[in-house]
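# Fold and contact review
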Amino acid sequence: MGETWTTANIPDQRGRVTVVTGANTGLGYETAKALAERGASVVLAVRDVEKGARAAAGMPGDVTVQALDLTSLDSVRTAAAALRSRFDRIDLLINNAGVMYTPKRTTRDGFELQFGTNHLGHFALTGLLLDLMLPVPGSRVVTVSSTGHRIRAAIHFDDLHFERSYGRAAAYGQSKLANLMFTYELQRRLVPYGTTVAVAAHPGMSSTELARNTPAALRLPLTWLAPLITQTPPMGALPTLRAATDPAVLGGQYYGPGGRREVKGHPRLVTSSPQSYEVAVQQRLWAVSEDLTGVRFPVRSRQHPAAEARTR
C-alpha cells in the first residue's frame with residue numbers, strides 16, 4: 001500500500017476480537033473507534049470504567065469495557081482472567097496505554113511508574129493472553145512505542161527503577177525502548193508458531209492528554225509550537241492501525257508517521273534506534289521482566305550467549 005494509508009485502507013474486521021488498552025481517550029480511543037467502525041468486537045481495557053463506558057457509547061457495534069490498571073499486577077491478572085472467561089480467542093491485542101514524563105512515583109508493586117506501566121504491565125498482560133492468540137491465524141500483538149525511545153534512552157539494569165537518580169525523560173525513554181525490545185524478542189519467539197506476529201508503532205507528535213506531565217518550563221513553548229509540530233489524535237492513531245490491520249505487515253516491523261523526522265504524516269515502515277535491535281539486551285530484558293512480573297510466556301527462545309552470561 002502507498003504512503004497515504006488511511007482508515008479507508010483498514011480491511012473488514014468483522015469476526016475479529018480486539019483488546020485495546022487505554023482506549024477511553026486520545027490515540028487509544030481513535031484506534032478502538034476505527035476498528036469498531038470496521039466491524040471488530042472491541043474491548044476497551046481501561047483504568048476508569050466510567051470513562052470507558054462513555055467512550056464506548058460513542059463507538060458503533062460491539063464495544064465493551066474491561067477494568068485494567070497497568071500499575072497493578074493484581075489488576076492485570078484479574079483483567080486477563082475476565083477476558084479469558086469471555087473469549088476463547090483474541091485476534092488483536094493493542095498495547096496502547098501509557099504515561100509520560102511523570103514525577104517520580106512507583107506502581108503498586110514498587111516499579112518505577114513509567115517502566116512499570118508502559119512496559120511491565122503490558123508485558124504481563126500479553127503473556128497472560130497470548131495462548132488465546134496463538135491458535136488464531138493472522139493474530140497480532142501491537143505495542144505502541146515513541147520517538148522518545150531515542151532520547152536519553154537505555155535499559156538501566158543496575159537501576160531499572162531509578163532509585164538512585166530520577167530523570168523524567170530518561171525513565172520515559174527506557175520504557176519506550178523496552179516496548180520495542182519486547183516486540184522484537186516476542187516476534188523471535190513467535191516465528192515457529194507461524195500464526196501470531198508482534199509489531200510496533202509510534203504516533204509521532206500527537207496532541208493528546210499524554211503530555212499533561214510535561215515539565216512546566218516546556219509547556220508554554222510547546223503550546224506555541226503545537227500547531228506546527230503535532231498532529232491530531234486520528235492521524236496519530238494511523239501507525240497503530242496500519243500495524244494492526246495492513247495485510248502486508250510483517251512481524252518485527254515498526255510503523256510511524258512518514259513525514260520529516262517521523263513527527264507527522266501518514267504511516268509508513270520506519271526504523272528504530274540501533275540499540276533497540278541488540279538481541280542480547282532484548283533477551284536480558286525479557287528474563288528480568290519475567291522475574292519482576294512472575295509471568296512466563298507460552299513461547300520460548302534460545303537464550304543468546306551474552307544475555308545468558310549477564311543474567312547469571
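Looking at an unreviewed UniProt entry, the chain carries the name SDR family NAD(P)-dependent oxidoreductase, with the source organism given as Micromonospora tulbaghiae. According to the UniProt record, the Sequence similarities (unreviewed entry) comment for the chain reads "Belongs to the short-chain dehydrogenases/reductases (SDR) family."

Turning our eyes to something else, we now look at the packing of helix α3 (residues 73–86) against helix α4 (residues 113–129). Close contact between α3 and α4 brings their axes to 9 Å; oriented N to C, the two are set at 30°. Between α3 and α4, the interaxial angle falls into the category roughly parallel. Here α3 runs over α4; the crossing is right-handed. Seen from α3, the contacting residues are L73, V76, R77, A80, L83 and R84; seen from α4, they are G121, A124, L125, L128 and L129. Grouping the amino acids of the contact of α3 with α4 by side-chain chemistry returns 8 nonpolar, 1 polar and 2 charged.

Take the pattern of salt bridges next. The final tally for this structure, using the stated rule, is 12 salt bridges. With its nearest N and O atoms 2.9 Å apart, the salt bridge here joins R242 to D246. The same class applies to R242 and to D246, which are both buried.

Moving on, we get to the sheet that holds strand β6 (residues 197–201). Taken together, 8 strands build an open sheet; the order of strands is β3-β2-β1-β4-β5-β6-β7-β8 and the sheet is mixed. At either end of the open sheet lies a strand with only one pairing partner, and these are β3 (63–67) and β8 (267–269). Along the sheet, successive strands turn relative to each other by an average axial angle of 20°, direction set aside. As defined by bridge partners, strand β1 (residues 17–21) adjoins strand β2 (residues 41–46) across 5 bridges and the pair is classed as parallel. Directly across from V20, in β2, lies its bridge partner L44. Most of the contacts of α3 go to β3, to which it runs at about 145°, and overall it touches β1, β2 and β3. Lying on the sheet, helix α5 (residues 168–190) is in contact with β4 (92–95), β5 (140–144), β6 and β7 (254–257); it crosses β6 at an angle near 160°.

Below, the discussion takes up the side chain of T31. Structurally, the position occupied by T31 is in helix α1 (residues 26–37). Among the polar contacts made by the side chain of T31, one reaches the main-chain carbonyl oxygen of L27 at a distance of 2.8 Å. Leave out the neighbours within four places in its chain, and T31 touches I94, A237, T240 and L241.

Cut-off values and rules
- Residues numbered from 1 in each chain as written.
- Predicted model: local features only at pLDDT ≥ 70, side-chain atom pairs only at ≥ 80, totals over all residues.
- Heavy atoms only, no water.
- UniProt positions renumbered as here; feature names shortened; annotations may be inferred.
- Axes fitted to C-alpha atoms, helices over the stretch in contact; angles between N-to-C directions.
- Helix = DSSP H or I, 4+ residues; strand = E, 2+ residues; numbered from the N terminus.
- Parallel < 35°, antiparallel > 145°, perpendicular 65-115°, else oblique.
- Left-handed = near helix turned anticlockwise from the far one by under 90°.
- Contact = heavy atoms within 4.5 Å.
- Nonpolar A, V, L, I, M, F, W, Y, C, P; charged D, E, K, R; others polar.
- Salt bridge = Lys/Arg side-chain N within 4 Å of Asp/Glu carboxyl O.
- Buried < 20%, exposed > 50% of the residue type's maximum accessible area, 1.4 Å probe, protein only.
- Pairing = 2+ DSSP bridges.
- Polar contact = N/O pair within 3.5 Å; in protein donor to acceptor, adjacent residues only side chain to side chain.

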